[in-house]
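Spelled out, the chains give:
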Amino acid sequence: MRLFSLVSLLAAGTLLAQVPDHYYRTFSHTNPVFLKIKPGQVVVTKTIDSGGQDFQSKQVSEGSNPLTGPFFVEGAVEGDAILVRLRHVRLNRNWGSTGYRLGLFSVTPEYIETTYPNHYKADVIRKGRDNVLPWDIDLKRNTVKLREPVSGKIKLEFPARPMLGCIGVAAPGDFSPTSGPAGSYGGNLDYNEVAEGATVILPVYHPGALLFMGDGHALMADGEPTGTGVETSMDVEFSVEVKKKAQVTGPRLETADELISVGAQPEFASSLDRALQMATTDMVRWLVNDYQLEPWAAHQLIGAVGKYDVVTVAGTMALRVPKKYLVK
């Protein structure tokens, strides 16, 4: 285990983890463990933004979604699942950033020829970048506001909704994906439901699961159409439970009101209809295996009240089913 600055609160089984001195950019089982945790223990940590800046705006890592972790969950083995309860996902910095325009994957080909150039001002947020816009985050009011440019027509200020873009376990086998794509292990899901109060369910492929998280956003639209959210750092408090022999093959979420299956795949690997099929198939299995629905009843429930989310316009879909229709 790496030696990190660490403070343990033994009372009430709570573990307070300070900021690590190193961040990884792969969901790999070869990355040295940051912290070993027991199921049910509460962990308090921080994530840095996608460009490598922390809550004090210091550059502490290279960019490309640096990850906090991995957290080794005692008792988790291949074939199990871990349930990551996001107790708090809170803003801890007064600024964020977004891309300057919609990604070309979000608009029609004919529009690409007429869109404005992807150049705003050099070095506004990061040295050498001219396509990133600054946003002000009001921590007291929990709002985000575009600092510049200023529209003459609308006020670009919105309620913040903090969420984690990256959450996942070490990928199966010797696969070491970067923190850019998504997959069965989770990864860069960029799903705005990965927020405070949600439980993220992930399959385990290696001893300890090796949980990573990062890429916080103060706000992000469905589909991530600009290729970014309001990128920022985050305070995170979570606990983990282990479900033995869970029959989970990809990421799931559970909120107070919904079950959510995520059809996660690398961006541009396949069309969104494939991701929709993945999410729907997983939801049927979930309803049949865990809630003992007849297969035909699961199909009809999804057909009547299921709701689909475009998680990322370039690859991932999710299916939500209200829990109120299920027997506990």
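Position numbers for residues count from 1 along each chain, tracking the sequence in the order it is written. Predicted model: local features are reported for residues with pLDDT of at least 70 only, side-chain atom pairs are reported and counted for 80 or more only, and whole-chain, interface and lining totals are derived from all residues. Values shown for side chains rest on all heavy atoms present in the structure; no hydrogens or waters enter the calculation.

## Digging into the overall build of the chain
Formally: Per the convention used, a helix needs a DSSP run of H or I reaching at least four residues, while a strand needs a run of E reaching at least two, with both numbered from the N terminus. Computation of the radius of gyration draws on C-alpha atoms, with the globule rule given as 2.2 Å multiplied by the number of residues to the power 0.38. Relative accessible area decides the class of each residue, using a 1.4 Å probe on protein chains only: under 20% of the type maximum gives buried, over 50% gives exposed, and in between gives partly exposed. Any two residues whose heavy atoms approach within 4.5 Å are treated as being in contact. Each accessible area is a Shrake-Rupley estimate made with a 1.4 Å probe; only the visible protein chains count as cover when residues are assessed. By the counting scheme adopted, Arg and Lys are positive, Glu and Asp are negative, and His together with the chain ends is not counted. For this purpose, a charge sits on NZ of Lys, CZ of Arg, CG of Asp or CD of Glu.
The helix and strand tally for the chain stands at 3 helices and 20 strands. Relative to its length of 328 residues, the chain is compact, with a C-alpha radius of gyration of 20 Å against a globular reference of 20 Å. Looking at the chain as a whole, 51% of its 328 residues qualify as buried. Across the chain, the fraction of contacts at a sequence separation of at least 24, relative to all contacts at a separation of at least 6, is 72%. About 15,100 Å² of surface is accessible on the chain, with carbon and sulfur atoms providing 54% of the total. A gap of 4 Å separates the mean positions of the 33 positive and 35 negative side-chain charges of the chain.

## Regarding the packing of aromatic side chains
Our working definition: Pairing of aromatic side chains requires ring centres within 6.5 Å, counting the rings of Phe and Tyr and the six-membered ring of Trp. Pairs whose planes differ by under 30 degrees are stacked, by over 60 edge-to-face, and all others tilted. Both a distance and an angle decide whether a charge sits over a ring: NZ of Lys or CZ of Arg must be within 6 Å of the ring centre and within 35 degrees of the ring normal.
If you walk through the whole model with that rule in mind, you get 9 aromatic pairs. Ring geometry for Trp-135 versus Phe-158: centroids 6.3 Å apart, planes at 35°, classification tilted. Pair noted here: Trp-135 is in strand 8 (residues 132-138) and Phe-158 is in strand 10 (residues 157-159), with a separation of 23 residues, a long-range link. Judged by relative accessible area, Phe-158 falls into the partly exposed class, the value being 32%. One Lys or Arg, Lys-36, reaches over the ring of Phe-72 and ends 5.2 Å from the middle of that ring. Between Lys-46 and the ring centre of Phe-55, over which it is positioned, the NZ or CZ distance is 4.5 Å.

## Observations regarding the nonpolar core
Applied cut-off: Grouping buried Ala, Val, Leu, Ile, Met, Phe, Trp, Tyr and Cys residues that are joined through side-chain atoms within 4.5 Å yields what is termed a nonpolar core.
Counting 55 residues, the largest nonpolar core has Ile-82, Val-84, Leu-86, Ile-167, Tyr-191, Leu-211 and Phe-238 as the members making the most contacts within it. Among the elements that take part in this core, strand 6 (residues 81-91) stands out by supplying 5 residues, more than any other. Setting aside residues up to four positions removed in sequence, Phe-238 forms contacts with Ile-37, Gln-41, Val-42, Val-43, Thr-45, Phe-71, Val-84, Arg-85, Leu-86, Arg-87, Leu-211 and Met-213. Residues Ala-81, Leu-259, Val-284 and Trp-286 belong to the second largest nonpolar core, which totals 19 residues.

## Digging into the sheet that holds strand 7 (residues 95-99)
Keep this limit in mind: Pairing between two strands requires that DSSP report at least two bridges joining them. Between N-to-C directions, angles cover 0 to 180 degrees, with each direction set by a line fitted to C-alpha atoms, over the stretch in contact for helices.
Taken in spatial order, the 4 strands line up as 7-8-9-10 in an open sheet, and their pairing is antiparallel. Two strands in the sheet have a free side with no partner beyond their single neighbour: strand 7 and strand 10. Neighbour-to-neighbour, the strand axes of this sheet turn through a mean angle of 30°, independent of strand direction. Where strand 8 meets strand 9 (residues 143-146), 4 bridges bridge the pair, whose relative direction is antiparallel. Each residue of the ladder has a partner; that of Asp-136, found in strand 9, is Lys-145.

## Overview of the side chain of Asp-54
Operational definition: Think of a salt bridge as a Lys or Arg side-chain nitrogen and an Asp or Glu carboxyl oxygen that are within 4 Å of each other. In protein, a polar contact requires one atom able to donate a hydrogen and another able to accept it; more generally it is a pair of N or O atoms within 3.5 Å, and residues adjacent in sequence count only if both atoms are side-chain atoms.
Along the chain, Asp-54 turns up in the loop between strand 4 (42-47) and strand 5 (67-73). Of the side chains bearing the opposite charge, Lys-58 lies closest to the buried Asp-54, which forms no salt bridge; the N-O distance is 5.9 Å. Engagement of the side chain of Asp-54 in a polar contact is seen with the backbone nitrogen of Gln-56, the distance being 2.9 Å. A distance of 2.8 Å separates the side chain of Asp-54 from the backbone nitrogen of Lys-58, its partner in a polar contact.

## Notes on helix 3 (residues 295-305)
Applied cut-off: Taken from the helix axis, the directions to the C-beta atoms give the arc we talk about.
Within helix 3, the full set of buried residues consists of Ala-297, Ala-298, Leu-301 and Ile-302. One side of helix 3 holds all its buried residues, which, seen down the axis, span an arc of 135°. Looking at helix 3, the residues exposed on the side facing more than 90 degrees away from the buried face are Trp-296, Gln-300, Gly-303 and Ala-304. Buried residues along helix 3 sit against helix 2 (272-291), strand 19 (307-312) and strand 20 (316-322).

## Considerations on the sheet that holds strand 11 (residues 163-169)
The mixed open sheet is built from 6 strands, whose spatial order is 3-5-15-11-13-12. Each having just a single partner strand, strand 3 (35-37) and strand 12 (182-183) make up the two edges of the open sheet. As defined by bridge partners, strand 3 adjoins strand 5 across 3 bridges and the pair is classed as parallel. Its bridge partner being in strand 5, Ile-37 is matched across the sheet by Val-73.

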